[in-house]
Amino acid sequence: MEMNRRQFLTYLGTGTAALASLATGITAFAAEKTLSGKTADHLFGMDEDKHKPSNFKFKPIQATDKDDLVLPQGYKYDVIASYGDKINTKGDTFGFNNDFTCFLPIEGSSEHGLLWVNHEYLGELEYYVTGYDTLNADPENNTRTAAQIEKYLYALGGSVIEIKKENGKWRLISDSKYGRRVSGLTRHALTGPAAGSSAVNGAREVVGTFANCSGGVTLWNTILSCEENFDSVVADTKLKDATHYGWVVEVDPFDPNSVPKKHTALGRFSHENTAMTIAPSGQLVVYMGDDANDQYVYKYVSKGAYNKAAGKANAKLLEEGTLYVANFSKGKWIALDYTKNEALQKAVDADKKPMFASQADVLVNCREAAKAVGATPMDRPEDLEVHPIDGSVFIALTNNSKHGNFYGQIVRLFEKDNNHAAEEFMFEIFATGGPQSGFAAPDNLMFDSAGNLWVVTDISSTSMNSGIYKPFGNNGMFFIPTSGADKGIASQFASAPIGAEMTGPWFTPDEKTLFLSVQHPGENLEAYTAPTSHWPKSGMSIALPSVVAITGF
């Protein structure tokens with residue numbers, strides 16, 4: 001393990017335990033108590049293994065371009081589900097390019113439950129799904145057949161799969177009564193101010209969800225799946241109304257007959273994820289980012305208060321509230337409320353015509369509304385997560401080459417008086433990407449219960465292992481303490497196969513299993529007959545996007 005001077009001095013200050021770990025090359029990042037008053041020695045069941053030293057420790061891996069999911073010594077992965085796997089008795093199959101995952105226990109078990117998985121896009125790998133030749137197609141002449149479009153839309157959206165750990169290994173239950181596809185062909189209900197409005201051409205029901213990137217879980221045990229880069233899918237599949245996409249979708253994975261909802265009160269843009277918490281007033285707060293260059297950071301504050309006893313009826317809180325956008329130069333949240341914000345009422349387009357005539361117009365055109373009120377353009381705000389102990393909000397800014405921000409950074413936002421419904425905040429730069437830190441292009445974030453941050457990266461497949469990104473190898477997963485002597489220091493825990501990114505990290509409740517998506521392995525290919533990756537199999541097989549379960553052994 002190579003260390004820079006700052007890291008070395010940090011370790012000198014941690015005493016003999018840290019020096020001993022240096023001798024073996026094994027880190028001791030969680031040896032000190034965190035803000036929670038606990039260490040992370042329970043992760044992956046390490047505290048139960050009598051053959052390993054106490055406290056959560058692993059030997060960080062080095063950057064690599066190996067065509068495998070590479071983990072530290074002492075860890076393994078099971079492939080749970082791959083594209084095309086059967087998930088129920090009806091014959092539904094697991095979708096393509098899996099992204100966000102969320103584990104929901106069955107009867108409180110950490111070894112048996114439902115896994116929700118997003119399916120984001122097809123891209124250049126579409127040939128393996130629909131047979132359409134994207135490598136040689138004329139981008140101005142979309143010649144997909146109706147059958148190819150149907151396959152395209154079915155492969156996206158999300159999957160509910162039932163999984164179980166037996167004899168130390170996780171497996172997919174292929175005949176599950178819960179197994180379900182919510183796809184680009186599924187009917188959804190619109191809720192909130194834009195439902196039925198002229199801004200969505202009167203629609204109260206729409207067909208399909210796709211471009212599902214990350215997401216979140218609600219306090220009432222449903223899933224929020226986020227529609228991100230929907231424009232390309234709309235164009236590829238010749239859909240008529242783009243306003244029906246770009247929303248946050250709520251799905252009840254335990255009710256296969258439930259109708260998914262698109263909550264328009266949360267705004268329409270390229271949603272990365274949602275992070276839900278409760279303000280001191282009891283109001284529900286949802287943090288969100290718009291994943292594109294020079295776009296914005298948002299939060300939604302419900303009008304009403306959360307009531308645990310109300311269960312799934314709390315979903316109504318996502319239908320009426322205030323959507324805010326952040327101005328970082330002033331440390332203020334600006335309400336995107338047409339009835340109260342004069343900037344929205346007075347906004348005009350290039351032809352001097354009013355841009356908005358109602359709250360529905362504002363919500364459907366969030367990017368334009370955010371710009372009109374003076375929000376701060378950011379460098380691809382992707383995942384936002386709330387620290388489980390101190391309540392601060394972490395924001396992954398992946399990169400923005402237009403601003404010279406090639407490596408990205410992680411921002412930490414502090415709400416005034418630690419009130420998530422507040423309209424003022426402060427912020428700091430928690431960590432910056434680059435060779436000095438070992439990571440670049442931070443994407444999805446996750447916290448463990450001790451408050452440590454886990455980060456997966458998204459270096460584009462066209463840039464990976466070349467130019468300024470060569471030192472980073474394939475995309476990776478990193479462990480970063482948020483307190484203690486090693487605060488802000490990244491250590492690499494995993495490396496993805498060739499062309500892939502790892503997405504959707506999620507722990508089981510006992511934190512002994514880490515679920516992870518391996519998305520688009522083999523991307524950036526030159527010929528369909530010469531795949532750049534063969535993961536998770538070998539030989540001449542094509543690569544398959546898959547979800548894995550990582551455990552210690």
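Residues numbered from 1 in each chain as written. Predicted model: local features only at pLDDT ≥ 70, side-chain atom pairs only at ≥ 80, totals over all residues. Heavy atoms only, no water.

This part takes up the overall build of the chain. From N to C terminus, the chain includes 8 helices and 30 strands. Its C-alpha radius of gyration of 23 Å places the chain within 12% of the 24 Å reference for a compact globule of 553 residues. Taking the principal axes of the C-alpha coordinates as reference, the chain spans close to 70 × 55 × 50 Å. Considering the chain as a whole, with its 553 residues, one finds that 58% of them fall into the buried category. Taking as baseline every contact in the chain between residues at least 6 positions apart, the subset at least 24 positions apart corresponds to 61%. Surface accessibility of the chain: about 21600 Å² in total, with carbon and sulfur atoms responsible for 50%. Charged side chains in the chain number 49 positive and 65 negative. The centres of these two groups are separated by 3 Å. (Helix = DSSP H or I, 4+ residues; strand = E, 2+ residues; numbered from the N terminus. Rg over C-alpha atoms; globule rule 2.2 N^0.38 Å. Buried < 20%, exposed > 50% of the residue type's maximum accessible area, 1.4 Å probe, protein only. Contact = heavy atoms within 4.5 Å. Areas by Shrake-Rupley, 256 points an atom, 1.4 Å probe, with all protein chains shown as cover. Lys, Arg positive; Asp, Glu negative; His and termini not counted. Charge placed at Lys NZ, Arg CZ, Asp CG, Glu CD.)

Next up on the list: the sheet that holds strand S13 (residues 275-278). If you trace the 5 strands from one edge of the open sheet to the other, you get S13-S14-S16-S17-S18, paired in antiparallel fashion. At either end of the open sheet lies a strand with only one pairing partner, and these are S13 and strand S18 (332-335). Averaged over all pairs of adjacent strands, the angle between their axes in this sheet comes to 30 degrees, without regard to strand direction. Of the strand pairs in this sheet, strand S16 (residues 297-305) and strand S17 (residues 321-327) are connected by 5 bridges, and their pairing is antiparallel. Paired with Ser302 across the two strands is Gly321, which belongs to S17. (Pairing = 2+ DSSP bridges. Axes fitted to C-alpha atoms, helices over the stretch in contact; angles between N-to-C directions.)

This brings us to the packing of aromatic side chains. Throughout the structure, instances matching the rule amount to 32 aromatic pairs. With a centroid separation of 6.0 Å and 85 degrees between ring planes, the pair formed by Phe103 and Trp170 is classed as edge-to-face. Here the residue Phe103 occupies a position in strand S2 (residues 98-105), and Trp170 occupies one in strand S5 (residues 169-173), the gap between them amounting to 67 residues. With 6.2 Å between their ring centres and 55 degrees between their planes, Tyr287 and Trp333 make a pair best called tilted. (Phe/Tyr/Trp six-rings, centres within 6.5 Å; stacked < 30°, edge-to-face > 60°.)

So, on to the environment of Phe425. Structurally, the position occupied by Phe425 is in strand S23 (residues 425-432). As for Phe425 and Asp85, which are separated by 340 residues in sequence, their C-alpha atoms are 46 Å apart. Those residues in contact with Phe425 that sit more than four places away from it in its chain are Ala326, Asn327, Phe328, Gly331, Lys332, Trp333, Leu413, Phe414, Glu415 and Lys416.

This part covers the pattern of salt bridges. Applying the stated criterion across every chain, the model contains 21 salt bridges. Between Arg171 and Glu166 there is a salt bridge; the shortest N-O distance is 2.7 Å. Judged by its relative accessible area of 37%, Arg171 falls in the partly exposed class. Between Lys303 and Glu320 there is a salt bridge whose closest N-O contact spans 3.3 Å. Of this pair, Lys303 sits in strand S16 while Glu320 sits in the loop between S16 and S17, and the two are 17 residues apart along the sequence. When salt bridges that share partners are traced, they join Asp291, Arg380, Glu382 and Asp458 into one network. (Salt bridge = Lys/Arg side-chain N within 4 Å of Asp/Glu carboxyl O.)

A separate point is the confidence of the model for the chain. When pLDDT is averaged along the chain, the result is 92; 92% of the residues meet or exceed 70. In this model, residues 1-32 is a region of pLDDT below 50 whose contacts with residues beyond four sequence positions or in other chains number 52 contacts. (pLDDT = per-residue confidence, 0-100.)

Moving on, we come to the environment of Ile223. Along the chain, Ile223 turns up in strand S10 (residues 223-227). Residue Ile223 is classed as buried on the basis of its relative accessible area of 0%. Distance from Ile223 to Val251, taken between C-alpha atoms, is 5.2 Å for residues 28 residues apart in sequence.

To continue, consider unusual backbone geometry. Going from Trp535 to Pro536, the amide bond is cis rather than trans, its omega being 10 degrees. As for its position among the elements, Pro536 is in the loop between strand S29 (514-519) and strand S30 (546-552). Of note, the phi angle at Asn418 is positive, near 55 degrees, even though the residue is not glycine. You can call Asn418 partly exposed: its relative accessible area is 44%. With phi around 75 degrees, Asn524 is a residue other than glycine that occupies positive phi space.

Considered for burial, the residues of helix H4 (residues 146-154) that qualify are Gln148, Ile149, Tyr152 and Leu153. Burial along H4 is one-sided: seen end-on, the buried residues are contained in an arc of 130 degrees. (Arc of directions from axis to C-beta.)

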